[in-house]
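Residue strings, one per chain:
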Amino acid sequence: MKKFHYSITILAPRSTVWHVLQNDETFRQWNSVFAEGSYFEGDWSVGSTIRFLTPDKQGLVGAIAENRKYEHLSIHHRGCIIDGVDNFESDDAKAWSQAYENYTLTTVDGGTELTLDAEVPSAYQSYLEDVWPKAFEAVKELSEKKENS
């Protein structure tokens, strides 16, 4: 597992950023940098299973480990999705089973600092180091646009 840390300052309140992260419509927009047309199935409540999918039904399955509204969201990845079926036994699934994504929102002068601390399988480190900053730029753009509309 490799650790990853990234943060960005967004000129919008935490409630707006939180909404952009989790709302179906805006999630699809900012998450498209990972895979065009990607979406989630499930909900964001603690203990819920959540599935992150591409249009061809590939992706990751996880559980919401923590959800403190407007403050912190923790996703524990548990496996992969292959052709729409949850997979916990393949080598790839086992690699993801220790992965976490932790999003923290902190009020700063003029807005919100959005921080990601994640542990990811080594094989995906380079790709995610490239894509997560792009995803956060999209969250920033969507949040600031929503706040100014």
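Residues numbered from 1 in each chain as written. Predicted model: local features only at pLDDT ≥ 70, side-chain atom pairs only at ≥ 80, totals over all residues. Heavy atoms only, no water.

By size, the foremost hydrophobic cluster in this structure holds 35 residues, and its most contacted members are W30, W44, Y103, L114 and W132. The greatest single-element share of this core, amounting to seven residues, is contributed by helix α4 (residues 125–148). In this structure, L114 is in contact with Y6, S7, I8, I10, V17, L21, Y103, T104, L105, F136 and V139, ignoring residues within four places of it in sequence. (Core = buried A, V, L, I, M, F, W, Y, C linked by side-chain atoms within 4.5 Å. Buried < 20%, exposed > 50% of the residue type's maximum accessible area, 1.4 Å probe, protein only. Helix = DSSP H or I, 4+ residues; strand = E, 2+ residues; numbered from the N terminus. Contact = heavy atoms within 4.5 Å.)

Turning next to the packing of aromatic side chains. Evaluation of the coordinates by the stated rule reveals twelve aromatic pairs. On the basis of an interplanar angle of 80° and a centroid distance of 6.4 Å, the ring pair of W18 and Y70 is categorised as edge-to-face. Remark: Y70 occurs in the loop between β4 (59–68) and β5 (72–82) and W18 occurs in helix α1 (residues 14–22); sequence separation between them is 52 residues. Accessibility expressed as a relative area gives 31% for Y70, which makes it partly exposed. (Phe/Tyr/Trp six-rings, centres within 6.5 Å; stacked < 30°, edge-to-face > 60°.)

This part takes up the pairing of strand β7 (residues 100–108). With five bridges connecting them, β5 and β7 associate as antiparallel partners. Following the sheet pairing, L73 is matched in β7 by Y103. The pairing of β7 with strand β8 (residues 111–120) spans nine bridges and is classified as antiparallel. Note that in β8 the partner of L105 across the bridge is L114. Adjacent in sequence and paired antiparallel, β7 and β8 are bridged by two residues, among which G110 carries a positive phi angle near 90°. (Pairing = 2+ DSSP bridges.)

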